[in-house]
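# Examining the three-dimensional arrangement
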Amino acid sequence: MPAGAWQTLKQEVSVCRRCPLHETRTQTVFGVGAENADWMLIGEAPGVEEDRRGEPFVGRAGQLLDRMLKAVGFAREEVYIANVVKCRPPDNRNPAPEEVLQCDDYLRRQIELIRPQIIIALGGVAMSALLNEQTPVGKMRGRVHTLPGADIPVVVTYHPAYLLRAPTQKRAAWEDLQLACRTVGRELK
Ligand code: URA
């Protein structure tokens, strides 16, 4: 495990001023979990609670994400959870394309260091940042994609915050997680 590379990356992110989001953040939200995880889950950007605590997915959407992980037999600490953008966009707006672009290198380096067996893209922002696609999530989910330039399967599913608003889509998200399990040969107990 290249501990030095992790340290360098964490340090760089913690003082990042590449885009205007640094002006309004409380702190950066780097990522959390096992640095040798088999599964990496990627969301959009920190919300108010994440900005306050410095950890991704700790608000209501995060609690749902924890339950989704539990359904496939994972404790939160066993996977790696990160966001495309490391600072909270004010008023919970979507990150702007320029903000995604400025943060992209950090996410790529996290993926390179973890080398996960599979990536789960949570929602449209993660999907388009990873796969360079503008297609709606509903059309991209349900099949396995490949991370461009790397041999890593990517399964796209709905963002947990969207699932809180549209609970009838939880079945589809469950199917996506089952697809991810099949893709990496993970048995559901
Ligand atoms: N939504 C995200 O995309 N990421 C978080 O960390 C929290 C909510």
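Everything that follows concerns the structure shown earlier in this document.
Residues numbered from 1 in each chain as written. Predicted model: local features only at pLDDT ≥ 70, side-chain atom pairs only at ≥ 80, totals over all residues. Heavy atoms only, no water.

## Topic: the overall build of the chain
- Within the chain, the secondary structure is distributed over eight helices and six strands.
- For the chain, the N- to C-terminal ordering of α and β elements is α-β-β-α-α-β-α-β-α-α-β-β-α-α.
- Computed over its C-alpha atoms, the radius of gyration of the chain comes to 15 Å, within 12% of the 16 Å expected for a compact globule of 189 residues.
- Considered along the principal axes of its C-alpha atoms, the chain spans approximately 45 × 40 × 30 Å.
- Residue pairs in contact within the chain that sit at least 24 positions apart in sequence constitute 70% of those at least 6 positions apart. (Helix = DSSP H or I, 4+ residues; strand = E, 2+ residues; numbered from the N terminus. Rg over C-alpha atoms; globule rule 2.2 N^0.38 Å. Contact = heavy atoms within 4.5 Å.)

## Brief notes about the site of the ligand
- The ligand sits among G43, E44, A45, E50, P56, F57, N83 and H159.
- One nitrogen or oxygen atom from the main chain of E44 is found 2.7 Å from an oxygen atom belonging to the ligand.
- F57 is positioned with one of its backbone polar atoms (N or O) 2.8 Å from an oxygen atom of the ligand.
- The residue makeup of the shell around the ligand, split by class, is three nonpolar, three polar and two charged. (Near = heavy atom within 4 Å. Polar contact = N/O pair within 3.5 Å; in protein donor to acceptor, adjacent residues only side chain to side chain. Nonpolar A, V, L, I, M, F, W, Y, C, P; charged D, E, K, R; others polar.)

## So, helix α1 (residues 3-14)
- Across its twelve residues, α1 extends 16 Å between first and last C-alpha, which sits within 8% of the 16 Å expected from 1.5 Å per residue.
- Turning to α1, its buried residues number three or more, namely W6, L9 and V13. Axial view of α1: buried residues confined to an arc of 70°, hence all on one face.
- Where α1 is buried, its residues meet β3 (80-83) and α4 (97-114). (Expected span 1.5 Å × (residues − 1). Buried < 20%, exposed > 50% of the residue type's maximum accessible area, 1.4 Å probe, protein only. Arc of directions from axis to C-beta.)

## A word on the packing of α1 against α4
- Contact geometry of α1 with α4 gives a least axis separation of 11 Å together with a crossing angle of 160°. Here α4 runs roughly antiparallel to α1, going by the angle between their axes. Helix-helix and strand crossings are classified by hand; for α1 and α4 the assignment is left-handed. When α1 is examined against α4, the residues A5, W6, L9, E12 and V13 are found in contact with a partner set consisting of Y106, R109, Q110, L113 and I114. (Axes fitted to C-alpha atoms, helices over the stretch in contact; angles between N-to-C directions. Parallel < 35°, antiparallel > 145°, perpendicular 65-115°, else oblique. Left-handed = near helix turned anticlockwise from the far one by under 90°.)

Shape is all these values report; function is a separate question.
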